Structures are given as C-alpha cells and as structure tokens.
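# Report on the structure
Next come the chains, spelled out residue by residue.
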Amino acid sequence: MTSLQVNGERLWQSLMTMAEIGATAKGGVNRQTLTDEDRRGRDLFRRWCEEAGLTVTVDRMGSMFGHRPGRDPDRPPVVLGSHLDSQPTGGKFDGALGVLAALEVIRTLNDRGVATEAPLEIVNWTNEEGVRFPPAMIASGVFAGVFDLEYGLSRTDHAGHTIGGELQRIGYAGPQKVGHRPLGALFELHIEQGPILEAEDRRIGVVTGGQGTRWYDCEVIGAESHAGPTPMEARRDALRATAELLGEIYAIAQAHAPDGRATVGELRAFPGSRNTVPGRVAFTVDMRHPDGGVMDAMDHALREAFERARGRAPALEFHLHEIWYAPPVAFDAACIAAVRDATLALGLSAREIVSGAGHDAVYMARVVPTAMIFVPCKDGISHNEAEYASPEACADGANVLLHAVLARAAA
Ligand code: GLV
Ligand code: MN
Ligand code: MN
C-alpha cells in the first residue's frame, strides 16, 4: 500500500495559497482567529472541501468538519486535521499543514478511488492559538467536554469582542452541537516547532504525548506619579516591581531545567506615557513542563515569588490569577503504533518525541484514541514569520498521516 502517496506538489500549492490570506511583509501570516482573514481562510477551506466531495458542517464553536462517507456508515469517523488560525507574527505551517495535509489525504484517496470502511472527517478547529481569545485549544476543549459551550462563546478579546459575537459576525456560528458524538480515532500532523528532529536528522517525530501548560493573568498596581519631581524612593512604580518579579519567574524555569519553560509574552504598562511612572502593569505568564508533579511545583514557586514581591513592596498590590491548565497528556498506544508503522512502511527515519506546544489533539485525546505526527521545521523556529518546513518534509508528514489514517479506517 505504500505505493499510495500524496501529491506533494499539490499540498505545497495549497499551503502557499492559504498563506496568501493574512500574508505579512516578512513572509509570515497574521490570520488571528475570527478576524476577516480567518473568515477568508475558512471560506477557501470550505470551497476546497466541497470540491473534494466532502460535506461540510460547522459546530456552534465554529469548528469546521468535512465528512467523507465510509463503506460502513455505522462506524464512527476517523478524524484528521488541525487549525487555520495563526499567531500575530505566525508562520505558514503552524496548524495549516495539519489541515491542508488532511485535505490532501482526501484528494489522494479520491484520485485513486480508494474507499475506507470508516468515514473520514477533516477538521479545522476554532481558536487553537488562544492569542486573541485565551485560553488556547478552546473549541476542541469544548468538544472534549473540558469547557462548557457558554464559557467558550463568552471568551473576550482586549477590545471586548466575544467568540460568540465574532463567530456571528464572520458567518461561522454553526448550528451543529459541539461534541457528544463518537469518533473512531484522531490524527494531527504538525511541524515540530522545536529543534530536535532537525538536529538529529530525523524525518518524522512519532508524538507520544504533550507537556503541561499553565497560563496566568497577572497585575501589579502602584500609583502614577511624575517622572521628574518624584524621588525614586517615594514612588510606587508598578513596572519596577514587575521587573524584579520577572527575574524570579524565569528562575523557576531555570530551576527545572532542561524541560521547564516560563514565558512572559504580553506586558502592558499603564498609562503608557514616557514621563509618568507606571501605576499599573498587566502581564501574562505561560509555564510548561512534561511532568504534572513538576508543573505543580512550578505553580507553587510562582505563588511564593508573588508573596516575596508583596513583602518587598507592601505599598503595591500583586495579583496572580491562573486562567488555564492543560495537564500533560499521553497519546493512545494503538494510534501511536499506527503512526510508527506508517513511518516504517514508508522507510522514513523517526524518533519518539513529546510535544512542547499545545495542540487540539491534546484535548481530543480525552475522548478519542489520538496520536500526532511531527515533521522538522527549519532551525526549530515557529511562532515567527520565518517559520519554514520544506516541501519534502510536508509531504513526508502527509504520507504518514495518509497511512496511519488508512490503517485505522480500513481495519
Ligand atoms: C499553541 O501554539 C501553544 O502551544 O501555545
Ligand atoms: Mn499549532
Ligand atoms: Mn501555534
């Protein structure tokens, strides 16, 4: 069966065409969820699905499903896909590869007249990135029962828009109930977004699970005052106190090296005037580790760091609010084996790997047997406009996806 291979050229063309939507000057993509660019990406994906003979449905969280019947309509579908939303300075491959490789699998099966026993369903999940509407992976989270629908629809961006409102605005507030239906298996292809596969010259990562992620919203409150006359010791400078705290936050990841991670990706000082001492700072913290026990130890250490900050500066307020925890997850042994077997049959070098990034597959693994496939990306760079995966790497991943899905949907 390994003579059956995807059309790598067609996959590449689809990736490049999708990347024109939200294209940035530096060669990346800004297609943040539920923006007009996201709508245009969704419209294109819907058209391509329909041209491939798929029946497209949209659920109430706006996730899009393209259904291809199987010989046995009573079997639950095997699902493959990822997300089309991007970071503000994102690349062409994060998410889009998994969605468009899923489409390429369908096109290949159509070309060769291959039917499967189980139906196949390709998916574009809403708001995987969580950049505009935290938390990440929210639509797959609602599908998997981690969040309820009302929570999902009411998430709000900095401008006060909600997911529910923006879904209505762009015409993707679908009628389909979210989740509550059986699925047979789920496979997600993704770029690695890290350096390991490239460094070891492996073509495929057989993903055995994902590390844990915790997100926090933090706020330090002091008082605004004049940048000139106010003596340094008389200030209640929220940014200066934050600066001291940041060093302690990075030290928590360092204390759990090499796997610990701490990132402060958003920081806003108010009122944002160069000659006013900032009276308020709002910032985010993202902490990760593959071990749930260590994740809890890192959480404890962060709370202690905030306590120390309060001790150092009793005239200021320090608020720490955990908004999201996605614990480490192990993928399904049989689905991992299907990926490994496909890799072997295709003669591709591989290694097992734990995902450092979050993915919809992480939540879906709670309700359906799931595994992921990684391909290398240049210099391990992702969440960056320079993100790049070669046409060969994309085709390798799509071929592994094809054969893992076939093994699961035919058996
Ligand atoms: C998703 O991209 C994440 O890992 O934060
Ligand atoms: Mn992604
Ligand atoms: Mn991402």
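Residues numbered from 1 in each chain as written. Chains lettered and ligands numbered in written order. Predicted model: local features only at pLDDT ≥ 70, side-chain atom pairs only at ≥ 80, totals over all residues. Heavy atoms only, no water.

Within the chain, the secondary structure is distributed over 12 helices and 16 strands. For 411 residues, the compact-globule formula gives about 22 Å, and the C-alpha radius of gyration of the chain, at 23 Å, lands near that figure. Taking the principal axes of the C-alpha coordinates as reference, the chain spans close to 80 × 45 × 40 Å. Relative to its full complement of 411 residues, the chain shows a buried share of 55%. In the chain, of all internal contacts separated by at least 6 residues, the share reaching a separation of at least 24 is 79%. In the form shown here, the chain has an accessible surface area of approximately 16500 Å², with 51% of it arising from carbon and sulfur atoms. (Helix = DSSP H or I, 4+ residues; strand = E, 2+ residues; numbered from the N terminus. Rg over C-alpha atoms; globule rule 2.2 N^0.38 Å. Buried < 20%, exposed > 50% of the residue type's maximum accessible area, 1.4 Å probe, protein only. Contact = heavy atoms within 4.5 Å. Areas by Shrake-Rupley, 256 points an atom, 1.4 Å probe, with all protein chains shown as cover.)

In the structure shown here, the tally under the stated rule is 0 disulfides. Free cysteine: Cys 49, not disulfide-bonded; nearest cysteine sulfur from Cys 394 at 18 Å. Cys 49 sits in the buried class, given a relative accessible area of 1%. (Disulfide = S-S within 2.5 Å.)

Turning to unusual backbone geometry, a few remarks are in order. Pro 134 connects to Pro 135 through a cis peptide bond whose omega is 0 degrees. With respect to the secondary-structure elements, Pro 135 resides in the loop between strand S4 (120-125) and helix H4 (138-143). With an omega of 5 degrees, the peptide bond between Ala 257 and Pro 258 qualifies as cis. The backbone of Leu 34 shows a phi angle near 65 degrees, a positive value even though the residue is not glycine. One can find Leu 34 in the loop between helix H1 (8-19) and helix H2 (36-51). Leu 34 gets classed as buried once you look at its relative accessible area, which sits at 0%.

Turning our attention to helix H6 (residues 163-170). Buried residues of H6: Ile 163, Gly 164, Glu 166, Leu 167 and Ile 170, and no others. For H6, the angular spread of buried residues about the axis comes to 170 degrees, placing them on one side. Gly 171 sits one or two positions beyond H6 and adopts a positive phi of about 80 degrees. (Arc of directions from axis to C-beta.)

Summarising the metal site, the manganese ion (ligand 3) is bound by the protein donors Asp 94 (OD), Glu 129 (OE), Glu 129 (OE) and His 383 (NE2), whose distances to it range over 2.1 to 2.4 Å. Written as a sequence motif, the donor arrangement for the manganese ion (ligand 3) is D-x34-E-x253-H. If you look at the manganese ion (ligand 3) and the manganese ion (ligand 2), they sit 3.6 Å from each other and are both ligated by Asp 94. Here Asp 94, found in the loop between strand S3 (78-83) and helix H3 (96-111), pairs with His 383, found in the loop between strand S16 (370-375) and helix H12 (391-410); they are 289 residues apart in sequence, far enough to count as distant. By relative accessible area, which is 6% here, Asp 94 ends up buried. (Donors = N, O, S within 2.8 Å, 3.2 Å for Na, K, Ca; no water.)

Axis separation between H3 and H12 bottoms out at 9 Å; the angle between their running directions is 60 degrees. On the basis of the axis angle, H3 is oblique to H12. Regarding H3 and H12, the two cross each other, and that crossing is right-handed. Across the interface between the two elements, Leu 97, Ala 101, Ala 102, Val 105, Thr 108 and Leu 109 from H3 touch Cys 394, Ala 398, Leu 401, Leu 402 and Leu 406 from H12. Residue composition of the contact of H3 with H12, grouped by class: 10 nonpolar, 1 polar and no charged. (Axes fitted to C-alpha atoms, helices over the stretch in contact; angles between N-to-C directions. Parallel < 35°, antiparallel > 145°, perpendicular 65-115°, else oblique. Left-handed = near helix turned anticlockwise from the far one by under 90°. Nonpolar A, V, L, I, M, F, W, Y, C, P; charged D, E, K, R; others polar.)

Across the 7 residues of strand S5 (residues 185-191), 7 count as buried, placing the element largely inside the fold. Here S5 shows no split at all, with Ala 185, Phe 187, Leu 189 and Ile 191 on one side and Leu 186, Glu 188 and His 190 on the other all buried. In this sheet, S5 lies alongside S3 in parallel orientation, the contact comprising 3 bridges. Residue pairing in the sheet places Leu 80 in a bridge with Phe 187 of S5. Relative to S16, S5 is paired through 6 bridges, and the arrangement is parallel. Each bridged residue has a counterpart across the sheet, and for Phe 187 the counterpart in S16 is Ala 371. (Pairing = 2+ DSSP bridges.)

Following the sequence through the fold, Thr 213 ends up in strand S7 (residues 212-221). Owing to a relative accessible area of 3%, Thr 213 belongs among the buried residues under this scheme. Discounting chain neighbours no more than four positions away, the residues touching Thr 213 are Asp 286, Met 287, Arg 288, Met 295, Trp 324, Tyr 325 and Ala 326.

The subject of this paragraph is the nonpolar core. A general tendency of soluble globular proteins is for nonpolar side chains to be buried together. Membership of the largest hydrophobic core comes to 101 residues, with the highest contact counts inside it found for Leu 15, Met 61, Leu 97, Ile 122, Phe 187 and Leu 401. Discounting chain neighbours no more than four positions away, the residues touching Ile 122 are Phe 45, Cys 49, Leu 54, Met 64, Phe 65, Gly 66, Leu 80, Ala 102, Leu 103 and Ile 106. (Core = buried A, V, L, I, M, F, W, Y, C linked by side-chain atoms within 4.5 Å.)

A separate point is the site of ligand 1. Inspection of the region around ligand 1 gives Glu 128, Glu 129, Arg 288, Ala 357, Gly 358 and His 383 as its neighbouring residues. Arg 288 places a polar side-chain atom, nitrogen or oxygen, 2.8 Å from an oxygen atom of ligand 1. Within the complex, 92% of the 200 Å² of free accessible area of ligand 1 lies under protein. Considered class by class, the residues forming the shell around ligand 1 number 1 nonpolar, 2 polar and 3 charged. (Near = heavy atom within 4 Å. Polar contact = N/O pair within 3.5 Å; in protein donor to acceptor, adjacent residues only side chain to side chain.)

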